[in-house]
Amino acid sequence: MKVAGVGLVAVAFAVVISCSGVSGLEWWGAPINRKIQPTTAKPGSQDLVPYLVINTPKASFGSGQFVLYGDAQDILIEATSLTESTTSSSIDSGSFVFFRQYWIDFAGSPDYYITGSLPVPEFSPTGDTNIPDPLVPLIDPYTNENVAQPFDCTAGENVALFVDVHVPKDAMAGNYVGNIIVKSGGSQLLQIPVHLQVWDFVLDTMNSVSSLFQLSEDTLTAYHDGTYDWCSGSGDSLVCYNNWSELGKEVAHRYEDLAHLHRIQTNPMFIRPAWDGCSVDFENTEYISDLSSYFDGTHFSDGVNMTDFTIPFSPGSEWDTFSSCSDSVYTSLAQSFAEEYKSLGWFESTISYASDEPPADLYPAIIADGLLMQQGDSDWKAQTLGTIQPQLTVTDDLDEVIGIYVVNPPWYTYWAEGSGPSDQYYGRSTWPTLFDKGIKLWFYESCSNHPPWPTFATNTLDAFEPAMLMWGSFFERATGFLFWSISAWDMQDPWGKNEEAFHKSGDGVLLYPGHHNGWLAPAGSPSEVQIEGPVASLRLKMLRSGLQDWAMFQQAEKLGLGESVRSIISRVYTQMGTCSWDGCAPALTGWFWNTTNFTALEEVRQMVADLIVANPSVSFSPSSEESQQKSESLSFALPLAASPWSILFATVVWNLWFV
């Protein structure tokens, strides 16, 4: 099948690079923190470098993007293996995965809808209203057949390609070189050199950063035939449910596995309940059996266990499974579940999700239920999560039952326009009080998060915003992140703007349905895309990039180097949002977080990696006073080896857009 160049595009690499081919087809590379539009201009010759560059540790994914432009037909993309220049070690060509990207046209979106920091057409140099987000794999990962290639290039419109390179855990550190081959009709049109630097340490698994993201197995049935049998309602109210068939489970598993491979944990699926109303005598064999694969390394394709999962208890909520039970039964059930989870080694992965974003009048119910759970087992406090913005004196009583506060960035510190210390929200200077109580900080993204805070919004030319949320989360000493959904599509147009429900582009969407033959057919993927599974978004890739960096930052922190890392990060980040009150810290180049300078971002990553490599067994425990210092007040100097990669990122300056 051949896919037309219009509409689909591809995304991939890292610095600015260009070369011409024998056919008149040309290419150039772009930093992954910038989204390529159909009309994005090729950078000037002073910014071009003749190869693509990726830097990443072992057991991770490196990514980049490049652009093809000119006239050519029936294009195919493939890669050579990557060879280390001094040891002849190699990384197989199968470690490359290429994607083309689908344009979403934001023409006609109301001005009051929430966007990211650089929305189109306002910030497009050409006034273009198209933004890339769905990433269509060139080859179907489940059938190994072509999906988004061969394709055509047409003069005047870019085709952008995104590439992932997986670096195995056992790869040798060093500098690897290889090539991306652009072909047509059996002939080579272009050869794009790739330089990969593999840092000499193994990145911790996704379990090093907690996450909780929602995915519905029922929503998927709208776009995949054979996954549903039973429906209810009619017309716009029609809803169909996953039939739990072999196909239904496999398709749903592909969605959760893709999320997992991008380091986000979705809720377990197809779990049979172990409880029977308020009876304390129940058979839990099926429940334990269904959950077991998530913890024994067999459920996910990377062999990594689930990080976090919600349990039937939800203090203060009407959807608490046991809300109708007597106090004594509620406590007995909490004790029984704690004993079971602990015996299996799962307890620290449990999340007791309190009533979601509760008003203050629900706080007493949350406290009452939380205390009942603690009567069953006092350790439940540490596992109880509240999407609550803690305030001095206002939420102090909740501290007795909440072990994790999940905070929306605008309500952290006083980083809201016009607000100030009188608001008394816990923030950087006051959170140590909660940390000392053993309470953890998470952040979450929602429709109330908007510029100047980084967001997950689709409509922005700044691709790195999701990653910057992860960098900021580490900087503020958070240990996890929550997102209310990754599949809350506009059901009739899931590959569209996805902005009508809450007036924010892409809210609740991080992946796209791969097919269009479910009960809402022909709604779903474009007609030429027929994948029995999900299609990743560019934002999901950037989120993974940020989560990998968060894990790397934490590895340095475990070595006693956390404050040095925060000092390095402060070159590109001071806080997530803005503020206008006296004493507010100055912004970085117009923003408090800086994603416009890719060179600066890569220098931060390189410096942190060098710290880890240079200090593999440092033992250092900072005092509580030191750990509470504001990172921007610290000074840090690190001599860097003058490798070709370090020199490249120190000298290449990205001047093309919005800097």
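Residues numbered from 1 in each chain as written. Predicted model: local features only at pLDDT ≥ 70, side-chain atom pairs only at ≥ 80, totals over all residues. Heavy atoms only, no water.

Colleague: Before we go on, may I ask you to explain the pairing of strand E5 (residues 60-69) in this structure?
Modeller: On a regular strand, one side chain projects to one face of the sheet and the next to the other, so that they alternate. The element E5 is extensively covered by neighbouring structure, given that 9 of its 10 residues are classed as buried. Across 5 bridges, the pairing between strand E3 (residues 26-30) and E5 is antiparallel. When the sheet's bridge partners are listed, Gly29 is paired in E5 with Phe66. The sheet contact formed by E5 and strand E12 (residues 159-167) spans 9 bridges and is antiparallel. The residue bridging Ser60 from the neighbouring strand is Val167, located in E12. (Buried < 20%, exposed > 50% of the residue type's maximum accessible area, 1.4 Å probe, protein only. Helix = DSSP H or I, 4+ residues; strand = E, 2+ residues; numbered from the N terminus. Pairing = 2+ DSSP bridges.)

Colleague: It is not clear to me how the state of the cysteines should be interpreted in this structure. Could you clarify?
Modeller: Note: disulfide means a covalent bond formed between the sulfur atoms of two cysteine side chains. All told, the structure shown has 2 disulfides when counted by the stated rule. Residue Cys231 pairs covalently with Cys240 via a disulfide, S to S 1.9 Å. Disulfide Cys231 to Cys240: torsion about the S-S bond roughly 100 degrees, handedness right-handed. Of the residues examined, Cys240 reaches a relative accessible area of 2% and is grouped as buried. (Disulfide = S-S within 2.5 Å.)

Colleague: Looking at this model, I keep getting lost on the nonpolar core. Mind explaining?
Modeller: The nonpolar side chains of a soluble globular protein tend to be buried with one another. Core analysis: the largest hydrophobic core is formed by 162 residues, its most contacted members being Leu68 and Ile77. At 10 residues, helix H8 (residues 538-558) tops the list of elements feeding residues into this core. In this structure, Ile77 is in contact with Leu68, Phe98, Leu138, Gln149, Phe151, Leu161, Ile180, Ile181 and Val182, ignoring residues within four places of it in sequence. Counting 9 residues, the second-largest nonpolar core is a separate cluster that includes Leu385, Ile404, Val406 and Tyr444. (Core = buried A, V, L, I, M, F, W, Y, C linked by side-chain atoms within 4.5 Å. Contact = heavy atoms within 4.5 Å.)

Colleague: Please explain empty space enclosed by the protein as it appears in this structure.
Modeller: The gaps of empty space that remain are located by a probe, the size of a water molecule, rolled over the atoms. All told, the structure shown has 3 cavities of 30 Å³ or more when counted by the stated rule. Within this model, the largest cavity holds a volume of roughly 230 Å³. Together, 22 residues line the largest cavity, and Ile32, Ser63, Ser545, Glu602 and Arg605 are the ones closest to its centre. Counting residues per element, the ones that place at least two in the lining of the largest cavity are strand E4 (52-58), E5, H8 and helix H10 (598-614). Element by element, the count of residues in the lining of the largest cavity is highest for H8, at 6 residues. Residue composition of the lining of the largest cavity, grouped by class: 10 nonpolar, 7 polar and 5 charged. (1 Å grid on protein atoms, 1.4 Å probe; cavity = no way out; pocket = protein on both sides within 12 Å on 5 of 7 lines; lining within 4 Å. Points joined across faces, edges and corners; volume = space filled by probe spheres on them. Nonpolar A, V, L, I, M, F, W, Y, C, P; charged D, E, K, R; others polar.)

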